[in-house]
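For reference, the chains in residue letters:
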Amino acid sequence: MVDSPNTGIPAPHQISLTDRSPAIARRKRKDVLLQGLGLVAISIAFAVMFLLFASLIRTGHTAFVQTHITLDVFIDPAEVPVENLPRGGFQNVVTNAMIAKLPSVDDDSERRAVQQILSNGAQFYVRDRVVADPSLIGQTISITVPASDAFDQLHKGSINRDTPEALRRVNDQAVGWWDELVDAGAISKPLNFSLITNADSRFPELAGLRGALVGSFWALLICFIIAFPAGIGAAIYLEEFAPKNKVSDFIEVNINNLAAVPSVVFGLLALAVFLNYLGMPRSAPFVGGLTLALMTMPTIIIATRAALKAVPPSIREAALGVGASKQQVVFQHVLPLAMPGILTGTIIGLAQALGETAPLLLIGMNAFITSAASSPFEAATALPTQIFIWADSPERGFVSRTSAAILVLLTFLIFMNGIAIYMRSKFERRW
Amino acid sequence: MILLAFIILFVAAAIGYVMNIRAAQAIRDGGATLHSLVGFHGMFSALVVLVPVFILILVWIALADPLIQRLVAASLPEGTFDGLGTGAIQLIMAEINSLASGRVFGTPEPWKIEAAERLVGYSRTADIALVIVVVIAVAALIAFARRTVTAEFRARQGSEGIILRLMGFCAIFAIFVTVAIVFALAYETSKFFSMVPITEFLFGLNWEPQIPIRADQIAAEGAFGAIPVFLGTFVIASVALIIAIPIGLMTAIYLNEFASRRARSVIKPFLEILSGVPTIVYGFFAILVVAPWLRSTGATLGLDVASNTALAAGGVMGIMLIPFISSFADDALAAVPQSLRDGALALGATRSETMLNVLFPAAIPGIVGGVLLAVSRAIGETMIVVMAAGLIARMTINPLDSVTAVTVQIVTLLIGDTAFDNPKTLSAFALGMMLFIITLGINVLALRIVRKYREIYD
C-alpha cells in the first residue's frame, strides 16, 4: 500500500501466495472460524443425541429386569377349598408364606405391611397354578412372584436408604424385612419377559407392552394394506400416465401439501368423520390404521415417483419397441426395477407411522386396556400411546417402564430403518 | 356378514376370471384369431366384477349404520327427545346400542328394549340384504363379462382402461383427503361459531374453555379468545427456531464445504437417526431431563423458572428441527452449480468467502423454503408440547413462564369422551381449522419458493 514517491501513480499491489499480510491472515482466520462454528453445531447435535439415549438407557435399563421373590406357599385347604375355584383366599395363602419366611414378623399387627412387599398380582400367579392343577391343594409349592414396585425400586437402588425415613416410600422396618429376605436368598432379579408378554396394568411391576405391540401391529397392517397399493397406484398414474395439465399439477401440489399437514389435523379428521359421522368404534386399531394410511400415503407416493423416475427411459423404449402396451411396460418392466426403491420408501413411511402419536390420541387409543386385542376392531393402545399413558402415570416404577417402552419402540424403528438402508444399498441399481 | 360379502366377491371374481379364460381358449382352439391375449379376457372379467361390487360394499358399510341409527331414532315414541340436548340424545342412543349388543345394565324402560330389538332386526335385515345384493350383482356382472368374450373383443383395452381409471382415482384420492379435512373442520367450526361469536375467538384475550355444569354457576361462561393460545405457540416455536436455525445452517455449511467424504458418511446417517426419532420420545426427554435441568439451573441463577417452561418444550423442539433444516439447506447448497463455486475460488476467495458471499446467497431461496417448512412443523408439532408445555393460556412472551400451545389445547379438549354439541369440544376444531389454514399457507409458500428456485438452475 505504498505509493511510489516520484510519479504519484499507485504501484501495483504486491501479493504473493506466501504473503503473510494481516489482511490474508484475517481472511484465513474467518475460514477457521466458520469451520469451527460448523463443528460446534454438529457437536451440539451429537451431544444432545448422546444425552437423549444415555438418559433413556440410564432410567430404562432397570425395567428390563424385575425383582422377584421365591416363596414356599402352602396351599391351605381351609383357605382355598376345591369347590370354590377359581375363587379363594389366595391373598392369605401368599401372605402366610411371606410371614413364614420372616421369623421376626408379628403375625397380627404387621400382616398388612408384609403384604405390601409382594405385588398385588402375586396371588393371581398362585391362583393360576392351582386352577391349572387342583391337586396342589394341601401341598406346599415353590413359586416365584414379582415384588411390589416400592421394593423393586429399593432392590434396584432407586430408593436411597440414606434419605430420612419420613421421606421414603418404604420405612426402616420394611427395609429390615427386605434385607432378611435377601439374606435368605429368596430374592432374584431375572430378565423381565413380562414387559413384553403382559398387557397394561395399574401396577408398574405387572404392566407390560403386549396390548400396545398387538395394537400397533394391527394398525400398521391396516395402514400398509391401504396405503401401499393406493400410493403405488397414484404414483404410477402421476408419473407414467397423467397428462401434463393443470389438474395433474394441482394433484401434485396437493400431495406435497398433504405430506406437510400437521398430524393432529389428521386426528381431527378421523374423529369428525370416522368416529362421529361413520360411527366406527372408538380406540380401534382399524380406525388408527385408516388414519395412519392417510398420512403415510403421500410419503409412499413421493418415494414411488422418485423410484420410477430413476428407471432409465431406455428400458421403457426397449419394451415398447418389441410391442408391449404402455401398461405392460410399466407393470412388467419398470415397476419390478423400481420395487427396491418403493419398498425402501414404504418401510420408512411405516416407521414414521409407528411413532405417530397425536392422531391416535384423538381417536381414543390411549384407553386403559388390560388385554391384547384379538381383532383390529377391538379397543387397543399402540406403542407410542402406551408410552404417553405411562409417562403420565405418577408411580415411580412407570418412569423406568416408560424409558424401557421407548427403547423397545426405538429398537423397532432402528430395525425397520436398518432393513430400508440395507435394501437400498443391496438392491438399488444405478444406471 | 360383511366378511361373507367380501368372500363372495373374491370367489366370484376368480370364477369370472377362469370362465372367461376357458371361453377365450375355446375360441382360439376353434381356429379364430383373438384380438387380445387369453389372459386379458380373464382379467377383464375379474375387474368388471371386482371394482363395482367392492365400491358397492364400501358405500354400504359407510351408509348402513348411520341410516339404521336414524331409523331407530325416528321410531322412538313421540316426544322422547323433546327438550333434550344432543348429549342426552346420544346417551339414549348409546344405551339402546349397548342393549342391542346384549349388554344390559339395570332394568331399562320397555320402549328402550323395543327400540333395541328393532335395531337388531334392522341390522340383520341390512346384513342379509347386503349379501343378496352382492350375490345378484356379481352374478349379473359375471354373465355380462362372459358375453363379451369374442374373437374381436378388445379385452386388453378394456381391462387397461379400468386399471388406468383405478390408478387415476388413487391419485385424486389425495384431493379427496384435503377436501374432507377442510369440510370436516369447516363444519364443526361453523357449529362452534354459531355458539361463540367469531370476533371473540379471533380477538379475545381470555382462553378458559369450560362449560357450565349448572346454569347458575359462577363464571359459568367459558372464554374462547384464542390469542393467548396462539401467543403460546408463537413463543415455543420462536425458542425452537432460535435454536434450530443457526445450528441447522452451520451443520449444513460444514457438511457442504468443510467435511471430508468420511465425515459426511458418519454425520449424514446420524442426522437421519435424529430425524427418525418419534416426537413423543423428544417429549419424554423434555420432561425427564431438560425441564428439571432448566429449573435447577434457573434456581442457581436466581431465576424463577416454571416447571413446564416454554424453554424446555421449545428447546427440545429445536433439537428435533435441526436435521430438518440442515438437510434442506444441504440440498439447497449442493444444488448451486459447481461453476459458481469454481469461479469464486478461482478469483482468490477463501472457502468461507465462497460460502458466505457466493454459495449461501445463491442457495437462499431453497434455504428459506426449508426454514418456512420448519416453521410450519414447529407450529403443528404436537407431542412435545403436549408433554412438556403447560395447559393454562397466559398472555406472556416470557419463555421462562409456562405457556400453552394450539396443539396442546386441541389434544386436551378432545381426549376422553367427546360430545359434539358444546363449545368446549367444538373449539378444538376451530383451533384445528386455524392451525390448518396457517400451516397450509406457509407450506404452499415454502413449496412454491423451493420449486421456483430449482427451476433456475435446472
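Note that the structure is a prediction, hence the values are computed from the model and not measured.

Peer 1: Looking at this model, I keep getting lost on the overall build of chain B. Mind explaining?
Peer 2: Per the secondary structure count, chain B includes 15 helices and 2 strands. Scaling as 2.2 N^0.38, a compact globule of 458 residues should have a C-alpha radius of gyration of about 23 Å, whereas chain B reaches 31 Å, well beyond that. In terms of principal-axis extent, the alpha carbons of chain B reach across some 85 × 75 × 35 Å.

Peer 1: Looking at this model, I keep getting lost on the nonpolar core. Mind explaining?
Peer 2: Nonpolar side chains in soluble globular proteins tend to end up buried together. Residue and element names in this part refer to chain B. The biggest cluster of nonpolar side chains holds 200 residues, and the ones touching the most others in it are Ile236, Ala286, Ala313, Val316, Ile325, Ile384 and Ala388. Here the element with the most residues in this core is helix 7 (residues 227-258); it accounts for 19 residues. Apart from the residues lying within four places of it in its own chain, the contact partners of isoleucine 236 are Ala310, Ala313, Gly314, Met317, Val385, Ala389, Val403 and Ala405.

Peer 1: Honestly, the environment of Met19(B) in this entry has me stumped. Any pointers?
Peer 2: Residues and elements named next belong to chain B. As for its position among the elements, methionine 19 is in helix 1 (residues 2-29). With 18 C-beta atoms packed within 10 Å, methionine 19 lands in the partly exposed category. The spacing of methionine 19 and alanine 388 is 369 residues in sequence and 63 Å in space, taken between C-alpha atoms. Filtering out sequence-adjacent residues up to four positions away, methionine 19 remains in contact with Ser45, Ile142 and Arg146.

Peer 1: Can you help me understand the interface of chain B and chain A in this one?
Peer 2: One frequently used descriptor of interface size is the decrease in accessible area upon assembly of the parts. Contact with chain B, which involves 69 residues of that partner, is made by 68 residues of chain A. If one sorts the elements of the side of chain B that touches chain A by residue count, helix 5 (residues 155-195) of chain B sits on top with 20 residues. Partitioning the side of chain B that touches chain A into residue classes produces 48 nonpolar, 15 polar and 6 charged.

Peer 1: What's the story with the sheet that holds strand 2 (residues 140-146) of chain A in this structure? I'm lost.
Peer 2: Strand pairing in a sheet relies on backbone hydrogen bonds. The paired strands run either parallel or antiparallel. All names here are of chain A. The strand order across the open sheet formed by 3 strands is 2-1-3, and the pairing between neighbours is antiparallel. In this open sheet, the two edge strands, each paired with only one partner strand, are strand 2 and strand 3 (187-188). Taken together, the 7 bridges between strand 1 (residues 68-74) and strand 2 define a ladder with antiparallel strand orientation. Within the sheet, the bridge partner assigned to isoleucine 69 lies in strand 2 and is valine 145.

Peer 1: Just checking my understanding: could you explain the packing of helix 10 (residues 310-334) of chain B against helix 12 (residues 351-380) of chain B for this structure?
Peer 2: The angle between the axes and the distance between the axes are what describe a pair of packed helices. All names here are of chain B. With their axes 8 Å apart at the nearest point, helix 10 and helix 12 run at an angle of 150 degrees to one another. When the axis of helix 10 is compared with that of helix 12, the two are roughly antiparallel. In this structure, helix 10 crosses over helix 12, and the sense of that crossing is right-handed. Across the interface between the two elements, Met317, Leu321, Phe324, Ile325, Phe328, Ala329, Asp331, Ala332 and Leu333 of helix 10 pack against Leu359, Ala363, Gly366, Ile367, Gly370, Val371, Leu373, Ala374, Arg377 and Ala378 of helix 12. Residue composition of the contact of helix 10 with helix 12, grouped by class: 15 nonpolar, 2 polar and 2 charged.

Peer 1: What's the story with the pairing of strand 1 of chain A in this structure? I'm lost.
Peer 2: On any regular strand, side chains alternate: one points to one face of the sheet, the next to the other face. As judged from the 2 bridges shared by strand 1 of chain A and strand 3 of chain A, these two strands associate in the antiparallel manner. Pairing of Ile69(A) across the sheet is with Ile187(A), part of strand 3 of chain A.

Peer 1: What's the story with the confidence of the model for chain B in this structure? I'm lost.
Peer 2: One rule of thumb: low pLDDT means the predicted coordinates there are not for detailed reading. The pLDDT averaged across chain B works out to 87; a share of 95% of its residues lies at or above 70. Overall fold confidence (pTM) sits at 0.88, and the ipTM for the predicted complex is 0.88.

Peer 1: Explain helix 12 of chain B to me, please; I cannot follow it from the model alone.
Peer 2: Quick reminder: α-helices carry 3.6 residues per turn. Residues three or four places apart thus point the same way. An ideal rise of 1.5 Å per residue puts 44 Å on 30 residues; helix 12 of chain B reaches only 37 Å between its terminal C-alpha atoms. The sharpest bend along helix 12 of chain B reaches about 55 degrees and sits at Ile364(B), with the proline Pro365(B) one to four residues further on.

Each value, and the rule that gives it
- Residues numbered from 1 in each chain as written.
- Chains lettered and ligands numbered in written order.
- Predicted model: local features only at pLDDT ≥ 70, side-chain atom pairs only at ≥ 80, totals over all residues.
- Helix = DSSP H or I, 4+ residues; strand = E, 2+ residues; numbered from the N terminus.
- Rg over C-alpha atoms; globule rule 2.2 N^0.38 Å.
- Core = buried A, V, L, I, M, F, W, Y, C linked by C-beta atoms within 7 Å.
- Buried ≥ 20, exposed ≤ 12 C-beta atoms within 10 Å, placed from the backbone.
- Contact = placed C-beta atoms within 7 Å.
- Nonpolar A, V, L, I, M, F, W, Y, C, P; charged D, E, K, R; others polar.
- Pairing = 2+ DSSP bridges.
- Axes fitted to C-alpha atoms, helices over the stretch in contact; angles between N-to-C directions.
- Parallel < 35°, antiparallel > 145°, perpendicular 65-115°, else oblique.
- Left-handed = near helix turned anticlockwise from the far one by under 90°.
- pLDDT = per-residue confidence, 0-100.
- Expected span 1.5 Å × (residues − 1).
- Bend = angle between axes of the 7 residues up to and from the residue.

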